[in-house]
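Read off the chains here:
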Amino acid sequence: MARDDIHLKRFEASDAAWIAERHGALYAEHDGFDESFEPLVASILADFVEGHDTARERGWVAWSDGARVGSIFCVKLDADTAKLRLFLLEPAMRGRGLGQRLLNRCMGFARDVGYARMTLWTHESHRAACALYARNGFTCVSSKPVHSFGQDLVEQTWTTAL
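Computed from a prediction, not measured in an experiment: that's the story for all the values here. (Residues numbered from 1 in each chain as written. Predicted model: local features only at pLDDT ≥ 70, side-chain atom pairs only at ≥ 80, totals over all residues. Heavy atoms only, no water.)

Attention now goes to the environment of Glu-50. Relative to the elements of secondary structure, Glu-50 occurs in helix 2 (residues 37–51). For Glu-50, a relative accessible area of 68% corresponds to the exposed category. Between the C-alpha atoms of Glu-50 and Ala-13, which are 37 residues apart in sequence, the distance is 9.4 Å. (Helix = DSSP H or I, 4+ residues; strand = E, 2+ residues; numbered from the N terminus. Buried < 20%, exposed > 50% of the residue type's maximum accessible area, 1.4 Å probe, protein only.)

In structure tokens form, the structure reads like this:
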């Protein structure tokens, strides 16, 4: 699929149900997450819809052939720090540069609106995503074993200067 076939659009409230459902389904299928994960994603999205700072927070949804295929969000952690959230790619879209394109859009926006750094939270098992973050200047600054969403996981926090 050519890059021109994929369009990044600003998140709209009508995208929220798809983002929550796909997070729930894909994390259940690939990571064994239980049913508590999708409602968490839905609540993050509801909070974003209800009260995000339109000047300094934004979400994007990737579309291909009239269907949603990915998402990424930049939200405010504090005055100087942006947080990357809800980064998702449909499995069929992985390995095509779309993840890099979404990450570029998110990081570029964060820079443009004045954040000095960006942070994110992920799991050690998401090796391809972690490799993408490392290639883009992120460093893993903390790692700890947890039991979340019905699974034993290693949570990680990554950060980079913008």
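Our focus in this paragraph is the sheet that holds strand 1 (residues 6–10). Strands sit in the order 1-2-3-4-5-7-6 across an open sheet of 7 strands; the sheet is mixed. Each edge of the open sheet carries a strand with a single partner, namely strand 1 and strand 6 (139–148). Within this sheet the neighbouring strands show an average axis-to-axis angle of 20°, counted without direction. Note: strand 2 (residues 58–64) against strand 3 (residues 67–78), 7 bridges, orientation antiparallel. Looking at the pairing, Arg-58 lines up with Cys-74 of strand 3. Lying over the sheet, helix 2 contacts strand 2, strand 3 and strand 4 (81–89), oriented at roughly 130° with respect to strand 4. (Pairing = 2+ DSSP bridges. Axes fitted to C-alpha atoms, helices over the stretch in contact; angles between N-to-C directions. Contact = heavy atoms within 4.5 Å.)

On to the packing of aromatic side chains. Under the criterion given, the structure shown has 10 aromatic pairs. Each ring, one from Trp-60 and one from Phe-109, has its centre 5.5 Å from the other, and the planes form 75°; the classification is edge-to-face. Of the two residues, Trp-60 sits in strand 2 while Phe-109 sits in helix 3 (residues 98–112), which places them 49 residues apart along the sequence. Overall, Phe-109 belongs to the buried group, its relative accessible area being 9%. On the numbers, 6.3 Å between centres and 45° between planes, the contact of Phe-87 with Tyr-133 is tilted. With Phe-87 in strand 4 and Tyr-133 in helix 4 (residues 127–135), this pair connects stretches of sequence that are 46 residues apart. Comparing Phe-87 with Tyr-133 shows no difference in burial state: the two are buried. Each residue in the set Phe-87, Tyr-133, Phe-138 and Trp-158 is aromatic and connected to the rest through ring pairs, giving one cluster. Positioned above the aromatic ring of Trp-63, the side-chain terminus of Lys-9 is 4.9 Å from the ring centre. Lying over the aromatic face of Tyr-115, Arg-56 brings its terminal NZ or CZ to 3.8 Å of the ring centre. (Phe/Tyr/Trp six-rings, centres within 6.5 Å; stacked < 30°, edge-to-face > 60°. Lys NZ or Arg CZ within 6 Å of the ring centre and 35° of its normal.)

Next up on the list: the pattern of salt bridges. Within the structure shown, the criterion is met by 3 salt bridges. In this structure, the salt-bridge partner of Glu-21 is Arg-22, at a minimum N-O distance of 3.8 Å. Salt-bridge contacts for Glu-90 lead to Arg-22; the nearest nitrogen and oxygen are separated by 2.6 Å. Taken as a pair, Glu-90 in the loop between strand 4 and helix 3 and Arg-22 in helix 1 (residues 16–31) lie far apart in primary sequence, 68 residues in all. Salt bridges linked by common partners bring Glu-21, Arg-22 and Glu-90 together as one network. (Salt bridge = Lys/Arg side-chain N within 4 Å of Asp/Glu carboxyl O.)

Further remarks concern the environment of Gly-51. With respect to the secondary-structure elements, Gly-51 resides in helix 2. For Gly-51, a relative accessible area of 58% puts it in the exposed group.

The next point concerns the confidence of the model for the protein chain. In low-pLDDT regions, the fine details of the predicted coordinates are not to be read closely. Per-residue confidence for the protein chain gives a mean pLDDT of 93, with 97% of residues at or over 70. Considering each helix and strand of the protein chain separately, the mean pLDDT is smallest for strand 7 (residues 151–161), with a value of 87, and largest for strand 3, with 98. (pLDDT = per-residue confidence, 0-100.)

By the element assignment, Tyr-27 lies in helix 1. Considering only alpha carbons, one finds Tyr-27 and Glu-38, 11 residues apart in sequence, at a separation of 8.9 Å. When near neighbours in sequence (up to four residues on either side) are disregarded, Tyr-27 contacts Arg-22, Gly-32, Phe-33, Phe-37, Leu-88 and His-126.

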